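Residue-level structural notes
Each chain is listed here by its residues.
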Amino acid sequence: MTYVRSTFRHPALPKNELGYTVDYYEGSLSTLCAGCGHDSINAAIVAACWEMNIEPHKVAKLSGIGCSSKSPAYFLSNSHGFNSVHGRMPSVATGANLANRDLIYFGVSGDGDTASIGMGQFVHVVRRNLNMVYLVMNNGCYGLTKGQDSATADAGSKSKAGSVNLFEAIDLASLAIELGATFVGQSFSGDKEQLIPLMKAAMSHKGFAFLNVISPCVTFNNNAGSTKSYDYVREHVESTGTMDFVPMMKEIKASYEAGDVSDITMHDGSEIRLHKLQKDWDPTDRRSAMNAVQNAKDKGEILTGLLYIDESSQELHDMIKTSEKPLNSMINAELCPGSEILENINRSLR
Ligand SMILES: Cc1ncc(C[n+]2csc(CCOP(=O)(O)OP(=O)(O)O)c2C)c(N)n1
Ligand code: SF4
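Not measured: the values here are computed from a predicted model.

Attention now moves to the layout of surface pockets. Reported here for the largest pocket is a volume of approximately 640 Å³. Lining the largest pocket are 28 residues, and of these M52, I104, M203, S204 and D268 sit closest to its centre. Those elements that place two or more of their residues in the lining of the largest pocket are β3 (104-110), β4 (132-138) and α7 (192-204). Broken down by element, the lining of the largest pocket gets its largest block of residues, three residues, from α7. Looking at the lining of the second largest pocket, the elements that each hand over two or more residues are β8 (208-214), α9 (286-298) and β13 (302-309). Of all the elements, α9 adds the most residues to the lining of the second largest pocket, at three residues. In the lining of the second largest pocket, the residues fall into ten nonpolar, six polar and six charged.

Okay, the site of ligand 2 next. Taken together, the neighbourhood of ligand 2 is formed by L32, C33, C36, H38, C67, N139, G143, C217, V218, T219 and F220. Taken together, the residues of the shell around ligand 2 break down into seven nonpolar, four polar and no charged.

Further remarks concern the site of ligand 1. Residues in close proximity to ligand 1 total 17 residues, the closest being C67, S68, G112, D113 and G143. Between ligand 1 and H38 there is a distance of 2.9 Å, counted from an oxygen atom to a side-chain nitrogen or oxygen. Out of a free accessible area of 590 Å², ligand 1 has 75% covered by protein chains. Within the residue set of the shell around ligand 1, elements represented by two or more residues are α2 (67-70), α4 (111-115) and β5 (141-142). With three residues, α4 is the largest single contributor of residues to the shell around ligand 1. Looking at the shell around ligand 1 residue by residue, the class counts come to six nonpolar, nine polar and two charged.

This part takes up the pairing of β13. Counting buried positions over the eight residues of β13 gives eight, a clear majority of the element. Here strand β9 (residues 237-239) pairs with β13 via three bridges, running parallel. Bridge pairing in β13 links S239 to T304.

What counts and how
- Residues numbered from 1 in each chain as written.
- Chains lettered and ligands numbered in written order.
- Predicted model: local features only at pLDDT ≥ 70, side-chain atom pairs only at ≥ 80, totals over all residues.
- Heavy atoms only, no water.
- 1 Å grid on protein atoms, 1.4 Å probe; cavity = no way out; pocket = protein on both sides within 12 Å on 5 of 7 lines; lining within 4 Å.
- Points joined across faces, edges and corners; volume = space filled by probe spheres on them.
- Helix = DSSP H or I, 4+ residues; strand = E, 2+ residues; numbered from the N terminus.
- Nonpolar A, V, L, I, M, F, W, Y, C, P; charged D, E, K, R; others polar.
- Near = heavy atom within 4 Å.
- Polar contact = N/O pair within 3.5 Å; in protein donor to acceptor, adjacent residues only side chain to side chain.
- Areas by Shrake-Rupley, 256 points an atom, 1.4 Å probe, with all protein chains shown as cover.
- Buried < 20%, exposed > 50% of the residue type's maximum accessible area, 1.4 Å probe, protein only.
- Pairing = 2+ DSSP bridges.

Rendered as structure tokens:
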């Protein structure tokens, strides 16, 4: 089948502060199935980056293998990209980030890519607090290899072929909070009003920002009995509240009832304004966030929104005191300071 996309854009398309129209943030034409949740998430990434006035060449897109991991081809064509090996995106992201801290690292993965083959890499990138956004497009199955149950499929859920999953699901958001992730959000591909501000906040966060986004696979896991279908998710979504992301230097204009609103100031001075619905939940308290996720689970609900944030944490570069300067901008004398300095280092270790 030949796919054709018109290059015509309306001359009156709005421009962002950098002078770009939104098409400058788009990617290649998607080859995912029509209606796949992943495409809605890709559109939300495009919108978030355009609205945030991010220079696409300041973004590095990283992924593993899967339909979800193909996604970086479908957003930000003018960015850097590396489609790695199944489950190995975290180590590639770690290497790239350590070599150049000046880029925004946006990792895209699937529930198969993260919760099975990539689990070993995932847990370590969380605990190292690597400064990146790590987004899982979670459809409860291996879409690319024709819909086998993944490790996030709920026990008792039914596949399209009728088999019932016997095993307990791995809850990636709870796991990320438990492992010390400093930003954890959960959302649904069909809710761009929630997803876009959540992505903006994740990109502004200094440290590991994890987003678990339920993203139905229309071809293999959208049947009755699946807990990752559009119908099931729409019926069981429970939000922590709504949120606005207010970039640094922008005035917060709206006013809300006191008591239902809490503002969180990000490292760069941007603000997250939360309109809380969940009364017994504090997103800056890890135990409270864990309880909120578990309480929702006990009621058979999927809690979405910002679940947890720690704005005071140190990211990996701060912890291991690496150079401020990207390695590719260093001159030879900085990269190779000479044998005397090496000798001093060796002496200090004896
Ligand atoms: C080392 C290795 N093992 C297995 C595979 C086969 N494989 C490709 S994608 C995939 C799972 C994809 O599922 P997920 O990450 O959930 O992405 P989705 O396609 O559902 O978006 C598997 C098992 C592979 N490509 N490489
Ligand atoms: S197989 Fe499923 S996950 Fe893959 S593109 Fe199609 S709908 Fe999306």
